[in-house]
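Chain by chain, the residues run as shown.
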Amino acid sequence: MGQQMSELILQVNGLETEFDTDEGKIKILHGVNFDVYAGRTLGLVGESGCGKSVTAMSIMGLLPKPYGQITAGVIDYRGTDLATLPAQQMYKIRGNRISMIFQDPMTALNPVHSIGRQLMEVLALHQAGMSKVQQREAALALMEKVKIPMPERRLDEYPHNLSGGMRQRVMIAMALACKPDILICDEPTTALDVTVQASILELMNGLQAETGMAMIFITHDLGVVAEMCDEVAVMYQGGSSNTPMFSTCLTARNTLTPGTF
Ligand SMILES: Nc1ncnc2c1ncn2[C@@H]1O[C@H](COP(=O)(O)OP(=O)(O)OP(=O)(O)O)[C@@H](O)[C@H]1O
Ligand SMILES: [Mg+2]
């Protein structure tokens, strides 16, 4: 599918984010720019500390309060500026229209609740009026969707019973529960070994093809970029753009190799 045929659903323009620290205000993002299209994956790459996660937190409205704030720029999501959206309305978009998965699923999963309970809680949040039986059926369907072996049994297990790869699949299931338009993935496979990483990436590509969601894929791994991304924005010292240098990526999914860079 060509870029021209995909709908532009998120446009980040001139985004600046600051943190208030003991040493005063520090500007972390100095004008971040990129476009995200439906059904396509934007890779967000750049050296450690350049602001990739802060960019994701800015989009999600998850900057640490009160000292993290957006000071300039626009995050245009389907005509709504998320940069200035009141928290009350952002709450409806976060985890609903835009979801996120993190590098370490253990920090996002609750260790004392079963996998099934956590999935059912997310489902209840997004689809009011479901009975417990319906919630459990929907949770099971999500477990099947992310290809967790023996899904029924896993629902009654706890995060520590699962392997790292399976936990990440549970996180993906939770992120998909609300059928998001955009899925932000912050280094989702970095902590996994190579074969598990490959199967998770394949799963995510398949889910994207099925759902048509857009993805923002944060990674420092150019092999992953080649595998996953249609466009690439390179961040350096808090700025970024979809650089022309990477324009070959527009058609080169699955054909680029790290050597190409
Ligand atoms: N809560 C915070 N308070 C103050 N400064 C922060 C906070 N979180 C991040 N920073 C600073 O913001 C800058 C960007 O951090 P960020 O985590 O976005 O980098 P990154 O590109 O995601 O790096 P990595 O690839 O290592 O994950 C860094 O200088 C970091 O120290
Ligand atoms: Mg980061």
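Because the structure is a prediction, the values reported are computed rather than measured.

As for the overall build of the protein
Turning to step 1, where the next piece is worked out: In terms of helices and strands, the protein carries nine helices and ten strands.
Turning to step 2, where the next piece is worked out: Computed over its C-alpha atoms, the radius of gyration of the protein comes to 18 Å, within 12% of the 18 Å expected for a compact globule of 261 residues.
Turning to step 3, where the next piece is worked out: Projected onto its principal axes, the C-alpha positions of the protein cover 50 × 45 × 35 Å.
Turning to step 4, where the next piece is worked out: Considering the protein as a whole, with its 261 residues, one finds that 49% of them fall into the buried category.
Turning to step 5, where the next piece is worked out: The contacts of the protein with a sequence gap of at least 6 include a subset with a gap of at least 24, amounting to 70%.
Turning to step 6, where the next piece is worked out: For the protein, the accessible area works out to roughly 12,300 Å², and carbon and sulfur atoms hold 54% of it.
Turning to step 7, where the next piece is worked out: With 20 positive and 27 negative side-chain charges, the protein shows a separation of 7 Å between the mean positions of the two kinds.

Let's talk about the pattern of salt bridges
Turning to step 1, where the next piece is worked out: Tallying each qualifying case throughout the model produces twelve salt bridges.
Turning to step 2, where the next piece is worked out: Between lysine 27 and glutamate 16 there is a salt bridge, with its nearest N and O atoms 2.7 Å apart. A residue pair is termed long-range when its members are at least 10 positions apart, and lysine 27 in strand β2 (residues 24–37) and glutamate 16 in strand β1 (residues 8–21) qualify at eleven residues.
Turning to step 3, where the next piece is worked out: Its relative accessible area of 33% is what places lysine 27 among the partly exposed residues.
Turning to step 4, where the next piece is worked out: Residue classification places glutamate 16 among the partly exposed residues on the basis of a relative accessible area of 21%.
Turning to step 5, where the next piece is worked out: One salt bridge in this structure joins lysine 145 and glutamate 210, with 2.9 Å as the shortest N-O distance.

Focus on the site of ligand 1
Turning to step 1, where the next piece is worked out: The full set of residues close to ligand 1 is Phe19, Ile28, Glu47, Ser48, Gly49, Cys50, Gly51, Lys52, Ser53, Val54, Pro64 and Tyr67.
Turning to step 2, where the next piece is worked out: In this structure, an oxygen atom belonging to ligand 1 sits 2.5 Å away from a side-chain N or O atom of serine 48.
Turning to step 3, where the next piece is worked out: Measuring from an oxygen atom of ligand 1, one finds a backbone N or O atom of cysteine 50 at 3.3 Å.
Turning to step 4, where the next piece is worked out: Across the complex, the protein chains shield 61% of the 630 Å² of accessible surface that ligand 1 would expose by itself.
Turning to step 5, where the next piece is worked out: No other element matches helix α1 (residues 52–60), which puts three residues into the shell around ligand 1.
Turning to step 6, where the next piece is worked out: Looking at the shell around ligand 1 residue by residue, the class counts come to six nonpolar, four polar and two charged.

Quick word on the pairing of strand β7 (residues 182–186)
Turning to step 1, where the next piece is worked out: By the criterion of burial, β7 is predominantly enclosed, with five of the five residues buried.
Turning to step 2, where the next piece is worked out: Covered by surrounding structure in β7 are Ile182, Ile184 and Asp186 together with Leu183 and Cys185, the residues of both alternating faces.
Turning to step 3, where the next piece is worked out: One ladder, built from four bridges, connects strand β6 (residues 98–101) with β7; its direction is parallel. When the bridges of β7 are listed, methionine 100 appears paired with isoleucine 184.

How each quantity is defined
Residues numbered from 1 in each chain as written. Chains lettered and ligands numbered in written order. Predicted model: local features only at pLDDT ≥ 70, side-chain atom pairs only at ≥ 80, totals over all residues. Heavy atoms only, no water. Helix = DSSP H or I, 4+ residues; strand = E, 2+ residues; numbered from the N terminus. Rg over C-alpha atoms; globule rule 2.2 N^0.38 Å. Buried < 20%, exposed > 50% of the residue type's maximum accessible area, 1.4 Å probe, protein only. Contact = heavy atoms within 4.5 Å. Areas by Shrake-Rupley, 256 points an atom, 1.4 Å probe, with all protein chains shown as cover. Lys, Arg positive; Asp, Glu negative; His and termini not counted. Charge placed at Lys NZ, Arg CZ, Asp CG, Glu CD. Salt bridge = Lys/Arg side-chain N within 4 Å of Asp/Glu carboxyl O. Near = heavy atom within 4 Å. Polar contact = N/O pair within 3.5 Å; in protein donor to acceptor, adjacent residues only side chain to side chain. Nonpolar A, V, L, I, M, F, W, Y, C, P; charged D, E, K, R; others polar. Pairing = 2+ DSSP bridges.

Geometric values such as these leave the question of function open.
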